[in-house]
Amino acid sequence: RFYDHFGVDLRRIAGAALANLKQGELAQGGSTITQQLARKTFLSDHKSFWRKAREMVLAVRLEWTYSKDEILEMY
């Protein structure tokens with residue numbers, strides 16, 4: 001659904017959150033390609049709620065700034 005979201009796929013994140021609750025750990029992240037680009041470019045791989053929140057904000061900002069094709073190229 002890369003071309004259909006705004007940088008964050010809320011349905012995927014909700015599914016990952018449910019899976020994490022069932023497993024009792026942060027096993028799934030639900031990151032979009034844009035979120036992965038934001039994390040690899042600007043953040044660490046350390047899993048935390050705050051890192052995920054920053055990743056989401058950066059992903060939305062990337063989507064405002066660049067086209068989907070430019071994001072794929074950077075990825």
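None of these values were measured; they are calculated from a predicted model. (Residues numbered from 1 in each chain as written. Predicted model: local features only at pLDDT ≥ 70, side-chain atom pairs only at ≥ 80, totals over all residues. Heavy atoms only, no water.)

S.K.: Residue-level account of the overall build of the chain, with values.
M.R.: Within the chain, the secondary structure is distributed over 4 helices and 0 strands. When the helices and strands of the chain are read in sequence order from the N terminus, they spell out α-α-α-α. Its C-alpha atoms give the chain a radius of gyration of 12 Å, within 12% of the compact-globule value 11 Å for 75 residues. Its C-alpha atoms give the chain principal-axis dimensions of roughly 35 × 25 × 15 Å. (Helix = DSSP H or I, 4+ residues; strand = E, 2+ residues; numbered from the N terminus. Rg over C-alpha atoms; globule rule 2.2 N^0.38 Å.)

S.K.: Hey, could you go over helix α2 (residues 33-42) for me, with residue numbers and the actual values?
M.R.: The set of residues buried in α2 consists of Thr-34, Gln-35, Leu-37, Ala-38 and Arg-39. On its buried side, α2 packs onto α1 (10-23), α3 (49-65) and α4 (68-74). (Buried < 20%, exposed > 50% of the residue type's maximum accessible area, 1.4 Å probe, protein only. Contact = heavy atoms within 4.5 Å.)

S.K.: Can you tell me about the confidence of the model for the chain, naming the residues and giving the values?
M.R.: In regions of low pLDDT, the predicted coordinates are not meant to be interpreted in detail. Of the residues in the chain, 95% have a pLDDT of 70 or more, and the chain-wide mean is 89. By mean pLDDT, the top-scoring element of the chain is α4 (97), and the lowest-scoring one is α1 (82). (pLDDT = per-residue confidence, 0-100.)

S.K.: Would you mind going over α1 in detail, with residue names and values included?
M.R.: The first and last C-alpha atoms of α1 sit 20 Å apart over 14 residues, in line with the 20 Å expected at 1.5 Å per residue. Turning to α1, its buried residues are Ile-13, Ala-16, Ala-19 and Asn-20. Down the axis of α1, the buried side of the element spans an arc of 125°, and every buried residue falls inside it. Relative to its buried face, α1 has exposed residues pointing more than 90 degrees away, namely Leu-10, Arg-11, Leu-18, Leu-21 and Lys-22. (Expected span 1.5 Å × (residues − 1). Arc of directions from axis to C-beta.)

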